[in-house]
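Below, each chain spelled out in residue letters.
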Protein chains: 2
Amino acid sequence: MLDLEDDVVSIAEALVNVESVSHHEKPLADAVECALRRHDHLTVSRFGNTVVARTSAGRGRRVVVAGHLDTVPLNANLPARNDGELLHGLGSCDMKGGVAVALRIAGSCADALSDLTFIFYECEEVESTANGLAKLAEVRPELLRADLAILMEPSNGQVEAGCQGALDFDIKLTGRRAHSARSWQGINAVETAAPVLAKLNSFRARTPVVDGLTYHEGLNAVAIHGGIARNVIPDECHISVNFRFAPDRSEHDAIDFVHNYFEGHDIVIVDSAPAAPPGLTGTARSFVEAVGKPAQPKLGWTDVARFAQLGVPALNFGPGDPLLAHTRDEHVPIAQLRMCENTMREWLTT
Amino acid sequence: MLDLEDDVVSIAEALVNVESVSHHEKPLADAVECALRRHDHLTVSRFGNTVVARTSAGRGRRVVVAGHLDTVPLNANLPARNDGELLHGLGSCDMKGGVAVALRIAGSCADALSDLTFIFYECEEVESTANGLAKLAEVRPELLRADLAILMEPSNGQVEAGCQGALDFDIKLTGRRAHSARSWQGINAVETAAPVLAKLNSFRARTPVVDGLTYHEGLNAVAIHGGIARNVIPDECHISVNFRFAPDRSEHDAIDFVHNYFEGHDIVIVDSAPAAPPGLTGTARSFVEAVGKPAQPKLGWTDVARFAQLGVPALNFGPGDPLLAHTRDEHVPIAQLRMCENTMREWLTT
């Protein structure tokens, strides 16, 4: 039984021990919903395996605190193990540590100076069409409205602001088949990949400064496939490319850039997600000041971009090292769990 | 019922109509064995689905006539169809046309001026460990000994002499994984393929003249594979390369060349088959003169290399266009069937 009166470490440990691999969040969503419903200052609603809990105390501003309930698949890293300094186990870092902080605050925020909306959502780790926050934004966008959204993604207890956009596309190279014993009768599509890969390799990453934070772009081949048989000159080769772009480009700009950069090539856009600017003004700035450490740029895509698209300033702030996310030995420092809880509580009540 | 007294076109048609995809040659081998056993001038033996028929008339020289019984898989190209000019159907070109010529000669060669060894063998179209001729060379090499071996591979009724060697190898490129949002922390193995592919693409093919025939080498990427996920910088990339080398190189020379050409790279030899020099002297020269057309170099590997390794001069001579081999609409010109039969008969009896 999940109890929001418990210590944040106990809550985090309990969350880790309820398996919730993407698409299998129901038991955890049930436990979270049940725990939230025991607190009268919260209005709880449920959408699939996404749980929303809101206060309505008529404060002058509203803050969203959001975290996803799902994890990547098990990797011999359950149950949780607390060694006194670190809490180990699947999801401890990404992001049940952050969810534990949010639940602790939810259970005890009746006296907060902001109204609060807590969103615990499903399917962040898989295709974006399944993402619980995306679904909520579609059917009940008003529930995401706020002066600031804090995403409890692991960020070492610092503010990581905005995020880079991500564009996935394929480059298709075409040649002409021939028997490899008479290769001069064909056109080798795999070998025509050479200048394309060289162009990718020589990409000079921009590092633009946006709202005082420096982002770092990346344009990378993430896969290549071609070939029919050992004795056939291949007539097709596919290069998959991932473009991480800074928040000073829109998705449209990013797609334009890619078409220009690979002019004359056959490009198929596979997936695209917008960047989010840091937007560290107003409520966001006051939160950064409360954390007391300079904000960092988020390198990697997070759901802050979804809030940014709705015009809601959003930032990442949670316990745990983002580099440990999805690794077998992920863990979260216990001191960071407590520090994040204290920082948020202090900011919300003073 | 296969009858070697029939016209060569009827025999070819009958052969095409007995399905014999590699590893399923038994019905055809049975029919061939049975037909050969009805001729007293032949001593017939069987090894798996390989049939050998020999004369022993004490002539001063011996000639091997060999052909494989198997075909590539069906491709909506059975039964055979004779349109008056062309015999269509699976294996008509590669190489049941040539096998029909060999069977006609076998049935009527009692008066030949050479002793003859006919070898009809299994599994030429698949991995070389299954090849019936290779197995025979291993257990009964004396059955392959001769002054000349004629392989009835399709060669448009011309002599195609010798063959190029073939060397298959993989180049493994290694990098370091990283999240694609922080690509500068990794080393992209797919992108390091660029200079290797460029080097393959810029290979200047040698065209050495061996015994008066011009060969044409080829060094080609035939496949490439790399990549883990859209958000991971790949740490491995594999390029598969096929090297066709002229008969002035040994397999050892070819392997040395490749190691030097790709010095510093991780190379794994996957398969290797030697080249065969044309060796158009003595009995071979007299055969070329009987055909009355200049010999051509064989571009592509055939089992002549196996005879060459045993010190038996070997050449390719058969009806059908080698470019049609393995195509759905393969066929053999009826005039070429008759021409090949007449040429061989005349050479053997005068």
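Rules of the game
- Residues numbered from 1 in each chain as written.
- Chains lettered and ligands numbered in written order.
- Predicted model: local features only at pLDDT ≥ 70, side-chain atom pairs only at ≥ 80, totals over all residues.
- Heavy atoms only, no water.
- Least-squares fit on C-alpha atoms with pLDDT ≥ 70 in both.
- Contact = heavy atoms within 4.5 Å.
- Buried < 20%, exposed > 50% of the residue type's maximum accessible area, 1.4 Å probe, protein only.
- Helix = DSSP H or I, 4+ residues; strand = E, 2+ residues; numbered from the N terminus.
- Arc of directions from axis to C-beta.
- Salt bridge = Lys/Arg side-chain N within 4 Å of Asp/Glu carboxyl O.
- Disulfide = S-S within 2.5 Å.
- Lys, Arg positive; Asp, Glu negative; His and termini not counted.
- Pairing = 2+ DSSP bridges.
- Domains from an automatic or database assignment.
- Buried area = accessible area lost by both parts, 1.4 Å probe.
- Nonpolar A, V, L, I, M, F, W, Y, C, P; charged D, E, K, R; others polar.
- Phe/Tyr/Trp six-rings, centres within 6.5 Å; stacked < 30°, edge-to-face > 60°.
- Lys NZ or Arg CZ within 6 Å of the ring centre and 35° of its normal.
- Polar contact = N/O pair within 3.5 Å; in protein donor to acceptor, adjacent residues only side chain to side chain.
- Axes fitted to C-alpha atoms, helices over the stretch in contact; angles between N-to-C directions.

(A) Representation of the relation of the copies chain B and chain A. Rotating chain B by 180 degrees about the axis while translating it 0.0 Å along that axis superimposes it on chain A, leaving an RMSD of 0.1 Å. Taken together, the rotation and translation describe the operation of a two-fold axis. A share of 100% of interface residues in chain B that are also interface residues in chain A marks the association as one of identical surfaces.

(B) Spatial organisation of helix α5 (residues 193-201) of chain A. Listed as buried for α5 of chain A are Ala193, Ala194, Val196, Leu197 and Leu200 of chain A. The arc that holds the buried residues of α5 of chain A, viewed along the axis, is 165 degrees, so those residues lie on one side. Next to the buried residues of α5 of chain A lie β9 (165-174), β13 (218-227) and β15 (236-245) of chain A together with α5 (193-201) of chain B.

(C) Representation of the pattern of salt bridges. Under the definition given, this model contains 31 salt bridges over all chains. Note that Glu33 of chain A and Arg46 of chain A form a salt bridge whose closest N and O atoms lie 2.7 Å from each other. Taken together, the positions of Glu33 of chain A in helix α2 (residues 26-37) and Arg46 of chain A in strand β1 (residues 43-47) put the pair 13 residues apart, joining distant regions of the chain. Taking the shortest distance from any N to any O, the salt bridge between Arg230 of chain B and Asp170 of chain A comes out at 2.6 Å. Of the two residues, Arg230 of chain B is situated in the loop between β13 (218-227) and β14 (232-233) and Asp170 of chain A in strand β9; the pairing between them involves two chains. Relative accessible area serves as the criterion here: at 26%, Arg230 of chain B is assigned to the partly exposed category.

(D) The state of the cysteines, seen in detail. For the structure shown, the criterion picks out 0 disulfides over all chains. Cys237 of chain A supplies the cysteine sulfur nearest to Cys237 of chain B, a cysteine that is in no disulfide, at a spacing of 9.1 Å. For Cys237 of chain B, a relative accessible area of 0% puts it in the buried group.

(E) Local environment of the side chain of Glu153 of chain B. All names here are of chain B. With respect to the helices, strands and loops of the structure, Glu153 is situated in the loop between β7 (148-151) and β8 (159-161). No salt bridge is formed by the buried Glu153; the nearest opposite charge belongs to Lys298, separated by 5.7 Å. Those residues in contact with Glu153 that sit more than four places away from it in its chain are His68, Asp94, Met95, Glu124, Thr302, Asn316, Phe317 and Gly318.

(F) Expanded view of the pairing of strand β6 (residues 115-121) of chain A. Residue and element names in this part refer to chain A. Extensive coverage of β6 is indicated by the burial of 7 of its 7 residues. Of the two faces of β6, the one holding Asp115, Thr117, Ile119 and Tyr121 and the one holding Leu116, Phe118 and Phe120 are both buried throughout. Pairing of strand β2 (residues 50-54) with β6 involves 4 bridges; the strand directions are antiparallel. Bridging across to β6, Val52 finds its partner in Ile119. The sheet contact formed by strand β3 (residues 62-68) and β6 spans 7 bridges and is parallel. Residue pairing in the sheet places Val64 in a bridge with Thr117 of β6.

(G) Up close: the domain arrangement of chain A. Residue and element names in this part refer to chain A. Each assigned domain of chain A is listed here: domain 1 (8-163 + 276-349) and domain 2 (165-273). On a C-alpha basis, the centres of domain 1 and domain 2 stand 35 Å from each other. Tallying the contact residues gives 16 residues for domain 1 and 12 residues for domain 2. When the two sides are added together, the surface that domain 1 and domain 2 hide from each other amounts to roughly 900 Å², 64% of it contributed by carbon and sulfur. It is Pro278, Pro297 and Trp301 that lose the most area in domain 1 upon contact with domain 2, and together they represent 47% of the buried surface on that side. For the pair domain 1 and domain 2, the number of links is 0 salt bridges. Here the residues of the side of domain 1 that touches domain 2 sort into 10 nonpolar, 5 polar and 1 charged.

(H) Inspection of the packing of aromatic side chains at higher detail. Residues and elements named next belong to chain A. With the rule as written, the count across this model stands at 22 aromatic pairs over all chains. Members of the aromatic cluster, joined through ring pairs, are Phe169, Phe203, Phe243, Phe245, Phe257, Tyr261 and Phe262. Lying over the aromatic face of Tyr261, Lys199 brings its terminal NZ or CZ to 4.2 Å of the ring centre.

(I) Summary view of the interface of chain B and chain A. If you look at the interface, chain B gives 48 residues, while chain A gives 48 residues. Of the roughly 3,500 Å² buried where chain B meets chain A, counting both sides, 53% is carbon and sulfur surface. Sorting the residues of chain B by area buried against chain A places Glu191, Val222 and Arg230 of chain B first, and these three jointly supply 22% of that buried surface. In this structure, the connection of chain B to chain A is made through 21 residue pairs in polar contact (both at pLDDT 80 or more). Looking at the side of chain B that touches chain A, the elements that each hand over two or more residues are β9 (165-174), α5, β13, β14 and β15 (236-245) of chain B. Looking at side-chain class alone, the side of chain B that touches chain A contains 25 nonpolar, 16 polar and 7 charged residues. One ladder, built from 5 bridges, connects β13 of chain A with β13 of chain B; its direction is antiparallel. Residue Ala223 of chain A lies in a different strand from β13 of chain B, and its bridge partner there is Gly227 of chain B.

(J) Here's a closer look at the sheet that holds β15 of chain A. Taken in spatial order, the 8 strands line up as β16(A)-β9(A)-β15(A)-β13(A)-β13(B)-β15(B)-β9(B)-β16(B) in an open sheet, and their pairing is antiparallel. At either margin of the open sheet sits one strand with a lone partner, and together these are β16 (266-273) of chain A together with β16 (266-273) of chain B. Between one strand axis and the next, the sheet turns by 25 degrees as a mean value, whatever way the strands run. Inspection of the sheet shows β9 of chain B paired to β16 of chain B by 7 bridges, in the antiparallel sense. Its bridge partner lying in β16 of chain B, Phe169 of chain B is registered against Ile269 of chain B.

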